[in-house]
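In case you want the letters, here they are:
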Amino acid sequence: ALKLEAWRDRGEDARSDKDAEDIVAVATEVPDLAEQGSREGIQGGLRDLWHAALAEQALTLDDMAELVSWHLHPDDASEEERVIASLVRIARGV
């Protein structure tokens, strides 16, 4: 949540933003990130943060695959589809 807020506040370019890179890295390293948000009951707040951050960058959920591809470390390429699905799930508040 803090990285989403930071990306929304300071992110000027989604392609090179370090906060967006950190968000993708966390989703890569924490396979059950979406489930953790649901268990903690914060999925609605995370959804709202995602929508605000994406809007600030003139992006939508349809751009999530690009966002992940911009920031996913090459060594983690095999995780790309899972990371995209996880972040979309969080952004939808599911």
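The shown structure was predicted, so the numbers you read here are calculated from the model rather than taken from an experiment. (Residues numbered from 1 in each chain as written. Predicted model: local features only at pLDDT ≥ 70, side-chain atom pairs only at ≥ 80, totals over all residues. Heavy atoms only, no water.)

### Focus: the environment of V26
Part 1 of the reasoning: Mapped onto the fold, V26 is located in helix α2 (residues 18–29).
Part 2 of the reasoning: Classification of V26 by relative accessible area gives partly exposed; the value is 39%.
Part 3 of the reasoning: Considering only alpha carbons, one finds V26 and K3, 23 residues apart in sequence, at a separation of 9.9 Å. (Helix = DSSP H or I, 4+ residues; strand = E, 2+ residues; numbered from the N terminus. Buried < 20%, exposed > 50% of the residue type's maximum accessible area, 1.4 Å probe, protein only.)

### A closer look at the nonpolar core
Part 1 of the reasoning: Counting residues in each nonpolar core, the largest one holds 24 residues, and the members touching the most others are L4, W7, W50, M64, L67, V68 and L87.
Part 2 of the reasoning: Among the elements of the structure, α1 (2–10), α2, α4 (43–56), α5 (64–71) and α6 (80–92) are those that each provide at least two residues to this core.
Part 3 of the reasoning: Sort the elements by how many residues they give to this core and α6 lands first, with 6 residues.
Part 4 of the reasoning: Setting aside residues no more than four positions away along its own chain, W50 makes contact with L4, W7, I23, M64, L67, L87, I90 and A91. (Core = buried A, V, L, I, M, F, W, Y, C linked by side-chain atoms within 4.5 Å. Contact = heavy atoms within 4.5 Å.)

### Examining the pattern of salt bridges
Part 1 of the reasoning: Tallied over the full model, the rule gives 9 salt bridges.
Part 2 of the reasoning: Across the pair R8 and D9 runs a salt bridge whose closest N-O atoms are separated by 3.6 Å.
Part 3 of the reasoning: Assessed through its relative accessible area of 55%, D9 is described here as exposed.
Part 4 of the reasoning: Note that R39 is salt-bridged to D32, the shortest N-O span being 3.5 Å.
Part 5 of the reasoning: The class of R39 is exposed, set by a relative accessible area of 59%.
Part 6 of the reasoning: Within the structure, one salt-bridge network assembled from shared partners comprises K3, D19 and D22. (Salt bridge = Lys/Arg side-chain N within 4 Å of Asp/Glu carboxyl O.)

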